[in-house]
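Overview (structure and organization)
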Amino acid sequence: MRDDDRLPASDAPLNPALKSGIETSVDTERTTPAPIETASAKEGEGEGWPVIWLVVVVSCVALTVYLLL
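Cut-offs and rules
- Residues numbered from 1 in each chain as written.
- Predicted model: local features only at pLDDT ≥ 70, side-chain atom pairs only at ≥ 80, totals over all residues.
- Heavy atoms only, no water.
- Helix = DSSP H or I, 4+ residues; strand = E, 2+ residues; numbered from the N terminus.
- Buried < 20%, exposed > 50% of the residue type's maximum accessible area, 1.4 Å probe, protein only.
- Areas by Shrake-Rupley, 256 points an atom, 1.4 Å probe, with all protein chains shown as cover.
- Patch = residues over 30% accessible without salt bridge, like charges linked within 9 Å, V, L, I, M, F, W, Y side chains within 5 Å.
- Salt bridge = Lys/Arg side-chain N within 4 Å of Asp/Glu carboxyl O.

What follows deals with the overall build of the protein chain. Check the secondary structure of the protein chain and you find 2 helices and 0 strands. Scored against the burial criterion, the 69 residues of the protein chain give a buried share of 0%. Carbon and sulfur atoms make up 61% of the accessible area of the protein chain, which totals about 7300 Å².

Turning to a nonpolar patch on the surface, a few remarks are in order. A grouping of Val57, Val61, Val65, Leu68 and Leu69 is seen on the molecular surface, where their side chains present a nonpolar patch of about 550 Å² in accessible area. For Val57, the position within the fold is in helix H2 (residues 49–68). According to the relative accessible area criterion, Val57 is partly exposed, its value standing at 46%.

Everything listed here is a matter of geometry and, on its own, says nothing about what the molecule does.
Written out as structure tokens, the structure reads:
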């Protein structure tokens, strides 16, 4: 690398091998739906996770207290 090819220290990337580039080919003919329109969830799906995390936390606290005493 020649000295005149170097960027100033403030503009130099952390890894010189990773240079930023601009995507030159953009398909403007095709549109895709918004992510919210393609998301799917069933009624009540995932409602059990807070209970599971509560059991895990209480178990870990109880085990910690047991091992400290």
